[in-house]
Amino acid sequence: ITNQYSICEESLKNHCALVDQLRNEIILLEKQFEKSSLLAEENLSNTESQIEHLQLSMEKKDKSIMESISKNSLLQKQIRSVESDFADRQTLVQQLQDEKFVIEAECKKEKETLETKISKLTKLLASANSNVQDAGKAAVVADGKLVEKEEKIKGITNQYSI
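Below, the structure is looked at part by part. (Residues numbered from 1 in each chain as written. Predicted model: local features only at pLDDT ≥ 70, side-chain atom pairs only at ≥ 80, totals over all residues. Heavy atoms only, no water.)

1. A word on the overall build of the chain
Counted only if it meets this: Going along the chain from the N terminus, every DSSP run of H or I of four or more residues is numbered as a helix, and every run of E of two or more is numbered as a strand. Both definitions apply: the radius of gyration is a C-alpha atom measure, and the globule rule equals 2.2 Å times residues to the power 0.38. Burial classes follow relative accessibility: with a 1.4 Å probe on protein chains only, a residue under 20% of its type's maximum area counts as buried, one over 50% as exposed, and anything between as partly exposed. Where accessible areas are quoted, they stem from the Shrake-Rupley method and a 1.4 Å probe; at the residue level, only the protein chains shown are allowed to cover. Charged residues are defined narrowly, with Lys and Arg counted positive, Asp and Glu counted negative, and His plus the chain ends left uncounted. Lys charges are placed at NZ, Arg charges at CZ, Asp charges at CG and Glu charges at CD.
Each helix and strand counted, the chain has one helix and zero strands in total. On C-alpha atoms alone, the chain measures out to a radius of gyration of 66 Å, which is more than a quarter above the 15 Å that the 2.2 N^0.38 rule sets for 162 residues. If you line up the chain on its principal axes, its C-alpha atoms span 220 × 30 × 20 Å. Counting only residues that meet the buried cut, the chain has 0% of its 162 residues in that class. About 15,300 Å² of surface is accessible on the chain, with carbon and sulfur atoms providing 60% of the total. Charge-centre separation for the chain: the mean point of 23 positive side chains lies 18 Å from the mean point of 28 negative side chains.

The structure is reproduced here in structure tokens:
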């Protein structure tokens, strides 16, 4: 019995040592758990702070995107307006070019008409100059005859005066 008692006592000591060791490990694990819990809470707090920061950043970016979309829409309207104005101006340019061709054709026709009239007037002027020269020659001849007749009249008048 003494031997068994000794064995039991030894076994009890081992068990007590084991219980003490387990108690120490439990205390150590509790401390580690507390540290881990504190770190987890700190990480959670940091994560929540980062999430809030990201949410604010996303809200700013969403607002910026909405402003960009609004600006883009306005720019697209302006582009359509400019394109419409450009098309209108192209149409106007085409109309003006068409009018220019019509006016050029009219001017060419009128120029040809004027050149024809100038040619006819030049011929008439040449003919008139020729007629004036002929008339001048005839006037000189007539003047000469008039002078002769005046001399004859003077001669006759002188004869009667004597």
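2. Concerning the environment of Lys123
Topologically, Lys123 is positioned in helix α1 (residues 2–161). Using a relative accessible area of 61% as the deciding quantity, one classes Lys123 as exposed. With 13 residues separating them along the chain, Lys123 and Glu110 place their C-alpha atoms 20 Å apart.

3. So, the pattern of salt bridges
The condition that has to hold: Throughout this description, the term salt bridge denotes a Lys or Arg side-chain nitrogen within 4 Å of a carboxyl oxygen of Asp or Glu.
Enumeration over the complete set of coordinates arrives at two salt bridges. Across the pair Asp20 and Arg23 runs a salt bridge, and its minimum N-O distance is 3.0 Å. You can see Asp20 and its partner Arg23 sitting in helix α1, three residues apart, about one turn around the helix. Here Lys100 makes a salt bridge to Glu104, at a shortest N to O gap of 3.9 Å. One end of the pair is Lys100 and the other is Glu104, both in helix α1 and four residues apart, which spans about a single turn.

4. Comments concerning the state of the cysteines
Rule in force here: In plain terms, two cysteine sulfur atoms within 2.5 Å form what is called a disulfide here.
All chains considered together, the criterion is met by zero disulfides. The cysteine Cys16 is free of any disulfide, with Cys8 supplying the nearest cysteine sulfur at 13 Å.

5. What about a negative patch on the surface?
Here is the rule: Within this analysis, patches are made of residues with over 30% relative accessible area and no salt bridge. Like charges are joined at 9 Å or less; nonpolar side chains (Val, Leu, Ile, Met, Phe, Trp, Tyr) at 5 Å or less.
On the surface, Asp143, Glu148, Glu150 and Glu151 cluster together to form a negatively charged patch. With respect to the element layout, Glu150 can be found in helix α1. Take Glu150: its relative accessible area is 43%, and that puts it in the partly exposed class.

Nothing here speaks to function; it is geometry throughout.
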